[in-house]
Amino acid sequence: MPEVLDPQTPGADETVTLIIKHRVKAGFESAYEAWLRNIVRVAGQREGHLGVDVVRGKRGRLDFYTCVLRFSSTEAMQGWLESSQRQALVAEAAPMLADGDQTEVAPINEFWFTPLVDAASPPPRWKQAVVTLLVILPHTLLVPLIWGPLLALHPLLSNYVVATFLITLTIVLSVVYVVMPPVTRLFAPWLEASQVHEHLDSQETSPR
């Protein structure tokens, strides 16, 4: 069974990511790509699987893959980790891997712009600022308008501190849990311009 490196496993009601790192031996690149497409298809059929992103890079002159699988709960993630399907597929890939199957577990929203590859550096701060602005600005314009009619229903809700708290809370929850994860995936090729980033459809039915 693969080793979970992070001892602080998130709760069952929190979206989690399974981070898998593989360094592929020379000459096995095409075979690994086919294997990767197959395991993405199989994982996509698991209940609670939300999608996967792949970052391709280099480490020690060998192709290096960081795969980030998202699950709706720790239970769903652990079920995939311990499944006979995954164990069989990992055993199939073992001859192709220079360092074996490396896995880590982390909360999906631990930090928006944390680089997925060890050797990578975070995106420039001005790029982080641009993406954050694109997400925050529409919220600051729309959320007060949405809350407006509700805040007018009761004097307590129209209190400046209470109204500001509700509007700010709505913006934070929406940005962190709903909008920022897909936006960072969308802008990943720009944020990580020196790496090859791919979002693989979990519903893909045939390997490449």
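Residues numbered from 1 in each chain as written. Predicted model: local features only at pLDDT ≥ 70, side-chain atom pairs only at ≥ 80, totals over all residues. Heavy atoms only, no water.

In the nomenclature of an unreviewed UniProt entry, the chain corresponds to ABM domain-containing protein from the organism Pseudomonas koreensis.

Enquirer: Which residues make up unusual backbone geometry, and what values go with them?
Expert: As a rule of thumb, non-glycine residues mostly have phi less than zero, and peptide bonds are mostly trans rather than cis. Phi at Arg 61 is positive, roughly 70 degrees, even though this residue is not glycine. With respect to the helices, strands and loops of the structure, Arg 61 is situated in the loop between β2 (49-59) and β3 (62-71). (Helix = DSSP H or I, 4+ residues; strand = E, 2+ residues; numbered from the N terminus.)

Enquirer: Which residues make up the packing of aromatic side chains, and what are the values?
Expert: If you walk through the whole model with that rule in mind, you get two aromatic pairs. When the centroid spacing of 5.4 Å and the interplanar angle of 35 degrees are considered together, the rings of Tyr 32 and Trp 35 count as tilted. Linking Tyr 32 with Trp 35, this pair stays in helix α1 (residues 29-44), spanning three residues, or about one helical turn. Between the aromatic rings of Tyr 32 and Tyr 65, the centroid separation amounts to 4.6 Å while the plane-to-plane angle is 50 degrees, which identifies the pairing as tilted. Remark: Tyr 65 occurs in strand β3 and Tyr 32 occurs in helix α1; sequence separation between them is 33 residues. On the basis of relative accessible area, Tyr 32 is assigned to the buried category, the value being 0%. Relative accessible area serves as the criterion here: at 3%, Tyr 65 is assigned to the buried category. Members of the aromatic cluster, connected to one another through ring pairs, are Tyr 32, Trp 35 and Tyr 65. The cationic tip of Arg 59 hangs over the ring face of Phe 64; the distance from NZ or CZ to the ring centre is 3.9 Å. (Phe/Tyr/Trp six-rings, centres within 6.5 Å; stacked < 30°, edge-to-face > 60°. Buried < 20%, exposed > 50% of the residue type's maximum accessible area, 1.4 Å probe, protein only. Lys NZ or Arg CZ within 6 Å of the ring centre and 35° of its normal.)

Enquirer: Provide a residue-level description of the pairing of strand β1 (residues 16-23), including the pertinent values.
Expert: Counted residue by residue, β1 has eight buried out of eight residues, so it is predominantly covered. Burial of the side chains of β1 extends over both faces: Val 16, Leu 18, Ile 20 and His 22 are buried on one face and Thr 17, Ile 19, Lys 21 and Arg 23 on the other. Bridge analysis of β1 against β3 gives eight bridges, and the strand direction is antiparallel. By the bridge assignment for β3, Arg 23 is matched with Phe 64. (Pairing = 2+ DSSP bridges.)

Enquirer: So what's going on with the UniProt feature "transmembrane region" (unreviewed entry) in the chain? Which residues, and what values?
Expert: Listed under "transmembrane region" (unreviewed entry) in the UniProt record, and renumbered for this structure, are residues 129-148 and 160-180. Structurally, residues 160-180 comprises 100% helix and 0% strand, and the distance from its first C-alpha atom to its last is 27 Å. (UniProt positions renumbered as here; feature names shortened; annotations may be inferred.)

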